[in-house]
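What the coordinates show
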Amino acid sequence: MRTLGVEEEFLLVTPEGRPQPVATTVLRHASRVAPAPTDEPGGDLEKEFKQEQIETSTPPRVELAELVAEIRAGRTRTDAVAREAGARIAALATAPQAVESTVLPDRRAYAIRAEFGQTARDQLTCGCHVHVSIADEDEGVRILDHLRPWNAVLLALSGNSPSWLGTTTGYASYRSQVWGRWPTAGPTAAFGDAAGYRAVIDELLRTETILDDGMVYFDARLSSRYPTVEVRVADVCLDADDAALQAALVRGIAETATGDPVSQPRTEVLRAATWRAARSGLTGNLVSPLSGTPLPAAEVVAQLVEHVRPALAEAGDLEWVERQVATVLRRGNGAIQQLGWRAEGADDDEVVRRAVDRTVAV
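Rules and cut-offs
- Residues numbered from 1 in each chain as written.
- Predicted model: local features only at pLDDT ≥ 70, side-chain atom pairs only at ≥ 80, totals over all residues.
- Heavy atoms only, no water.
- Helix = DSSP H or I, 4+ residues; strand = E, 2+ residues; numbered from the N terminus.
- Buried < 20%, exposed > 50% of the residue type's maximum accessible area, 1.4 Å probe, protein only.
- Polar contact = N/O pair within 3.5 Å; in protein donor to acceptor, adjacent residues only side chain to side chain.
- Contact = heavy atoms within 4.5 Å.
- Phe/Tyr/Trp six-rings, centres within 6.5 Å; stacked < 30°, edge-to-face > 60°.
- Axes fitted to C-alpha atoms, helices over the stretch in contact; angles between N-to-C directions.
- Parallel < 35°, antiparallel > 145°, perpendicular 65-115°, else oblique.
- Nonpolar A, V, L, I, M, F, W, Y, C, P; charged D, E, K, R; others polar.
- Pairing = 2+ DSSP bridges.
- Expected span 1.5 Å × (residues − 1).
- Salt bridge = Lys/Arg side-chain N within 4 Å of Asp/Glu carboxyl O.

Inspection of the secondary structure assignment puts threonine 184 in the loop between α6 (174-179) and α7 (194-206). Here threonine 184 falls in the buried class, since its relative accessible area comes to 6%. Within polar-contact distance, the side chain of threonine 184 engages the backbone nitrogen of tyrosine 217 at 2.9 Å. Not counting chain neighbours up to four residues away, the residues in contact with threonine 184 comprise Leu204, Ile210, Met215, Val216, Tyr217 and Phe218.

Following this line, the structure appears as structure tokens:
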């Protein structure tokens, strides 16, 4: 079976619940307590674009239960290191408060800030990235093309950013709206094969609009570091098991991407479906990848599970995925949970404090 890995970006916050620019301090503490080196990637803390955030990654795993354990262990380990810097971690895709975030003291980060202005200044956003292994780039592109109509459903399941600059936005994933300001972000057209994919990257680089291929921010792309497809569409998930659900569904889609080519919707339609998923998440309609028409979110999620059911069964993941999907639909994604806390009277800081507790729950 394909291996799975998950990268998660977290906010660094004070114990009181305010974003805190201490990433360099956290990374310095982490370097002193680094785990013993291994031959496999993942397991380390890494810098992100802003001082108010940190990134973790799991090692690649085949068994879903092992991946769940790695996600939880990574959160616990990262929070422990953050405490050494007087901070905590919060799995929130945007900070609810108005924040003047700080770029890392890094030449590339400074260059991005200088070139992209307000778009770069606004980018205090946290995502969840899933990696699935591939045999070669042609297989990877076949998976990317098959993922296209399903990425919006993955976004709806993960929606965890209903607030922005002290305001409730009306979106389940406002992160995706802020992230979408980058020139390469969002859905793509079908690539066809590896040569077609590489031609698009080369054309983007020739425009000199992006600094390098690290700024290819497609919803899903070929990883530049590993022999994997990297699916980047999701918000960071409030609950660790929801992050593992993203990984299981992505692997299911990857295993289903064989045989005859799937019908490819227009990119304009996918952009509309992605906006719809960001706006209503799991509380309204989503655009069905099968019919192209709106259906209740639970029905569209069920279509995704049915689409990948044989692959989930073969991997031994079906029972866990069905149970976790039922849990998410019953209690809601992170956005629904945050709005529920607000209905109980929580202010911005209290929302963050509650999110910290959920982030490290085992």
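With the rule as written, the count across this model stands at 10 aromatic pairs. Between tryptophan 164 and tyrosine 174, the ring centres sit 5.9 Å apart and the planes meet at 45°, which makes this aromatic pair tilted. Highlighted residues: tryptophan 164 in strand β6 (residues 163-164) and tyrosine 174 in helix α6, separated in sequence by 10 residues. Taking relative accessible area as the criterion, tryptophan 164 reaches 12% and is therefore assigned buried. Note on tryptophan 179 and tyrosine 217: the rings are 4.8 Å apart at their centroids and 45° apart in plane angle, and the pair reads as tilted. Separated by 38 residues along the polypeptide, tryptophan 179 in helix α6 and tyrosine 217 in the loop between α7 and β8 (220-222) bring together distant segments of the chain. With respect to class, tryptophan 179 is no different from tyrosine 217; both count as buried.

Right, let's get into the packing of helix α4 (residues 137-147) against α7. Contact geometry of α4 with α7 gives a least axis separation of 8 Å together with a crossing angle of 80°. On the basis of the axis angle, α4 is roughly perpendicular to α7. Facing Glu137, Asp138, Val141 and Leu144 of α4, the residues of α7 in contact are Ala194, Tyr197 and Arg198. When its residues are assigned to classes, the contact of α4 with α7 shows four nonpolar, no polar and three charged.

For α4, the buried fraction is high: eight of the 11 residues fall into the buried class. Buried within α4 we find Glu139, Gly140, Val141, Ile143, Leu144, Asp145, His146 and Leu147. Lining the buried residues of α4 we find α5 (151-158), α7, β8, β9 (228-235), α8 (240-256) and α10 (297-307). Two or three places before aspartate 138, at the opening of α4, aspartate 136 has a side-chain oxygen 3.2 Å from that residue's backbone nitrogen.

Counting buried positions along β9 yields eight of eight residues, so the element is predominantly enclosed. Both strand β5 (residues 127-133) and β9 contribute to a ladder of six bridges, which runs antiparallel. Following the sheet pairing, cysteine 128 is matched in β9 by alanine 234. Pairing analysis gives three bridges linking β8 to β9, with the strands arranged antiparallel. Within β9, the residue paired with leucine 222 across the bridge is valine 229.

Of all 10 residues making up strand β1 (residues 4-13), 10 are buried, and the element is well covered by its neighbours. Burial of the side chains of β1 extends over both faces: Leu4, Val6, Glu8, Phe10 and Leu12 are buried on one face and Gly5, Glu7, Glu9, Leu11 and Val13 on the other. Here β1 runs beside β5; their pairing, made up of five bridges, is antiparallel. Bridge pairing links leucine 4 to valine 132 in β5.

Here the phi dihedral of leucine 165 falls at roughly 55°; this positive angle occurs in a residue that is not glycine. With phi around 55°, glutamate 208 is a residue other than glycine that occupies positive phi space. Structurally, glutamate 208 is set in the loop between α7 and β8.

Quick look at the side chain of glutamine 324 now. As for its position among the elements, glutamine 324 is in helix α12 (residues 318-331). Of the residues examined, glutamine 324 reaches a relative accessible area of 7% and is grouped as buried. Within the local environment of glutamine 324, its side chain forms a polar contact with the side chain of aspartate 242, the two groups lying 2.7 Å apart. Filtering out sequence-adjacent residues up to four positions away, glutamine 324 remains in contact with Asp241, Asp242, Leu245 and Arg331.

Further remarks concern helix α9 (residues 267-280). Here α9 is 14 residues long and its end C-alpha atoms lie 20 Å apart, about the 20 Å a rise of 1.5 Å per residue gives. Among the residues of α9, those classed as buried are Leu270, Ala273, Thr274, Ala277, Ala278 and Ser280. Close packing links the buried residues of α9 with α5, α6 and β10 (285-287). Two residues or fewer after α9 comes glycine 281, characterised by a positive phi angle close to 55°.

We now examine the pattern of salt bridges. Going through the model one piece at a time under the given rule, you end up with 28 salt bridges. Its salt-bridge partner being arginine 331, residue aspartate 239 comes within 3.7 Å of it at the nearest N-O pair. Of this pair, aspartate 239 sits in the loop between β9 and α8 while arginine 331 is found in helix α12, placing the two residues 92 residues apart along the sequence. Arginine 323 is the partner of glutamate 319 in a salt bridge, and the nearest nitrogen-oxygen pair spans 3.8 Å. Remark: arginine 323 and glutamate 319 occur in helix α12; sequence separation between them is four residues, near one turn of the helix. Since its relative accessible area comes to 60%, glutamate 319 is described here as exposed. Salt bridges sharing common partners tie together Asp239, Asp242, Arg331 and Arg358.

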